[in-house]
Amino acid sequence: MKILRLVTSFRGNDSQSFQLGNTVVEMIKAQYKNADIITRNLAKNEMPHFNDVHFTSFITPVENLSDELKNAVSHSDKAVKELIDSDIIVIDVPMYNFSIPSSLKAWIDHIVRAGVTFRYTENGVEGLVQNKKVYLAIASGGIYSEGPMKEYDLTEKYIKNILGFIGITDVTAFRVEGVAIPGIKESAMSKAVQIVENTFSL
Ligand SMILES: Cc1cc2nc3c(=O)[nH]c(=O)nc-3n(C[C@H](O)[C@H](O)[C@H](O)COP(=O)(O)O)c2cc1C
């Protein structure tokens with residue numbers, strides 16, 4: 001069982017999404033004793049902001065790639081291989097400005113690649129990344145899973161949509177919410193951890 005863990009908060013051990021992600025990883029390790037885990041800290045080792053050279057490298061046949069384009073496509077090749085090789089992906093997601101961190105968006109921009117992770121067919125788009133399970137560990141200062149701010153949440157839905165686009169439809173989201181709200185923040189993590197534990201014990 002191969003696990004790919006994406007860390008995307010810059011807050012290290014203090015990060016709530018990292019702590020919740022750790023709980024998920026511990027649960028997976030308890031289920032699969034020989035789980036092999038690759039961790040990519042995208043906040044520390046950022047993927048480059050997707051640009052014209054990266055895009056050109058995607059649409060250029062391999063045999064025509066210049067050295068510059070080979071270097072440009074290497075980021076995608078490596079990230080796609082890690083994704084394809086994995087069985088389970090755990091993604092820590094701190095909410096920034098109602099959305100995902102740009103480090104995670106950069107990773108997405110490099111792995112969503114026509115002809116590699118999805119393709120266009122007569123019947124529409126077909127995702128090519130099959131048989132994966134994804135867990136999201138989302139942290140936010142406010143509460144978005146219910147209540148008046150629900151509409152503002154562009155984390156869970158966006159990630160589920162973009163992963164679905166490349167074929168990954170089995171996505172479970174865990175959330176530690178209200179970490180900036182007095183009276184809620186004190187028990188936010190223990191509640192979230194409880195939900196993770198309950199889910200894995202089913
Ligand atoms: C740049 C930035 C933007 C943020 N934007 C939001 C936001 O839009 N909504 C919200 O509820 N919390 C927001 N927060 C609070 C974080 O979601 C919260 O601190 C969360 O714990 C961050 O995840 P982490 O602990 O894993 O780093 C923001 C924090 C930062 C640093």
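Analysis parameters
Position numbers for residues start from 1 in each chain and track the written sequence from start to end. Only residues with pLDDT of 70 or above have their local features reported here, since the model is predicted, and side-chain atom pairs are shown and tallied only from 80 upward, although totals for entire chains, interfaces and linings are computed over all residues. Each side-chain value is worked out from all heavy atoms of the structure, with water and hydrogens disregarded. UniProt positions are given in the numbering used here, feature names are shortened, and annotations may be inferred rather than shown by experiment. Under the DSSP-based scheme used, a helix requires at least four consecutive residues in state H or I and a strand at least two consecutive residues in state E, with every element numbered from the N terminus. Contacts are residue-level and defined by heavy atoms, with any inter-residue pair within 4.5 Å sufficient. Nearness here has a simple test: a residue counts as near a molecule or strand if at least one of its heavy atoms is within 4 Å of that partner. Polar contact is the term for a pair of N or O atoms within 3.5 Å; when the atoms are in protein, one must be able to donate a hydrogen and the other to accept it, and sequence-neighboring residues count only if both atoms are side-chain atoms. In this description, accessible areas are obtained by the Shrake-Rupley approach with a 1.4 Å probe, and a residue is regarded as covered only by the protein chains that are shown. For this classification, the nonpolar set comprises Ala, Val, Leu, Ile, Met, Phe, Trp, Tyr, Cys and Pro, the charged set comprises Asp, Glu, Lys and Arg, and every other residue, Gly included, is treated as polar. Strands are labelled as partners when DSSP assigns at least two bridges between them. A clockwise course of the path from the first strand over the helix to the second, judged with the strands pointing away from the viewer, identifies a crossover as right-handed. To get an axis, a line is fitted to the C-alpha atoms, and for a helix only the part in contact is used. The angle between two axes follows their N-to-C directions and goes from 0 to 180 degrees. Reported orientations rely on four angle classes, namely roughly parallel under 35 degrees, roughly antiparallel over 145, roughly perpendicular from 65 to 115, and oblique for the rest. Here, expected helix span is obtained from the residue count minus one, scaled by 1.5 Å. A simple rule labels every residue: compare its accessible area, found with a 1.4 Å probe on the protein chains alone, to the largest value its type can have, and call it buried under 20%, exposed over 50%, or partly exposed in between. Definition of nonpolar core: a set of buried residues of the types Ala, Val, Leu, Ile, Met, Phe, Trp, Tyr and Cys, connected through side-chain atoms within 4.5 Å.

### Let's talk about the UniProt feature "binding site: FMN" (unreviewed entry) in the chain
Per the UniProt record, the feature "binding site: FMN" (unreviewed entry) sits at S9, S15, Q16, S17, M95, Y96, N97 and F98. Within the secondary structure, S9 is located in the loop between β1 (2-7) and α1 (16-31). The residues contacting S9, other than those within four sequence positions of it, are S15, S17, A43, P94 and Y96. Its location among the elements puts S15 in the loop between β1 and α1.

### Let's talk about the site of the ligand
The local shell around the ligand holds 16 residues, among which S9, R11, S15, S17 and G142 are the closest. Within the contact set of the ligand, an oxygen atom lies 2.6 Å away from a side-chain nitrogen or oxygen of S15. Note that an oxygen atom of the ligand is positioned 2.8 Å from one of the backbone N or O atoms of M95. Relative to its free-state accessible area of 630 Å², the ligand is covered by the protein chains to the extent of 74%. At the level of secondary structure, the elements contributing two or more residues to the shell around the ligand comprise α1 and β6 (133-140). Along the lines of polarity and charge, the residues of the shell around the ligand split into seven nonpolar, eight polar and one charged.

### Thoughts on the side chain of T155
The residue T155 is located in the loop between β6 and α5 (156-165) in this model. In this structure T155 touches V93, M95, F98, S99, I100, I138 and R175, once residues within four positions along its chain are discounted.

### As for the pairing of strand β2 (residues 36-41)
Two elements, β1 and β2, share six bridges in a ladder whose sense is parallel. Residue pairing in the sheet places K2 in a bridge with D36 of β2. This β-α-β element, β1 to α1 to β2, shows right-handed connectivity.

### A closer look at the sheet that holds β6
Read across the sheet, five strands follow the order β2-β1-β3-β6-β7 without closing on themselves; strand pairing throughout is parallel. At either end of the open sheet lies a strand with only one pairing partner, and these are β2 and β7 (170-177). The mean angle between the axes of side-by-side strands here comes to 15°, regardless of whether they run parallel or antiparallel. In this sheet, strand β3 (residues 88-94) lies alongside β1 in parallel orientation, the contact comprising four bridges. If you follow L4 over to β3, its bridge partner there is I89. Lying on the sheet, α5 is in contact with β3, β6 and β7; it crosses β7 at an angle near 165°. This element, helix α6 (residues 185-201), spans β6 and β7 of the sheet and lies at about 155° to β7.

### Structural notes on the packing of helix α3 (residues 67-85) against helix α4 (residues 102-111)
Between α3 and α4, the shortest axis-to-axis distance is 8 Å and the interhelical angle comes to 90°. The orientation of α3 with respect to α4, classified from their angle, is roughly perpendicular. Taking contact as the criterion, the partners of H75, S76, A79, V80 and L83 in α3 are, on α4, W107, H110 and I111. Counted by class, the contact of α3 with α4 contains five nonpolar, three polar and no charged residues.

### Re α3
Given a rise of 1.5 Å per residue, 19 residues ought to cover 27 Å, and the 26 Å separating the end C-alpha atoms of α3 matches this to within 8%. All buried positions along α3 are accounted for by L69, A72, V73, S76, A79, V80, E82 and L83. Buried residues belonging to α3 abut β1, β2, α2 (52-59), β3 and α4.

### Quick notes on the nonpolar core
In terms of nonpolar packing, the biggest core is built from 28 residues, with L104, W107 and I166 touching the most fellow members. At the level of secondary structure, the elements contributing two or more residues to this core comprise β1, α3, β3, α4, β6 and α5. Sorting elements by how many residues they give to this core places α4 first, with five residues. With near-sequence residues (within four places) excluded, I166 lies in contact with L83, I111, V112, T117, F118, G127, L128 and V129. Core analysis: the next-biggest nonpolar cluster, separate from the first, contains 19 residues, I3, I28, V176 and M189 among them.

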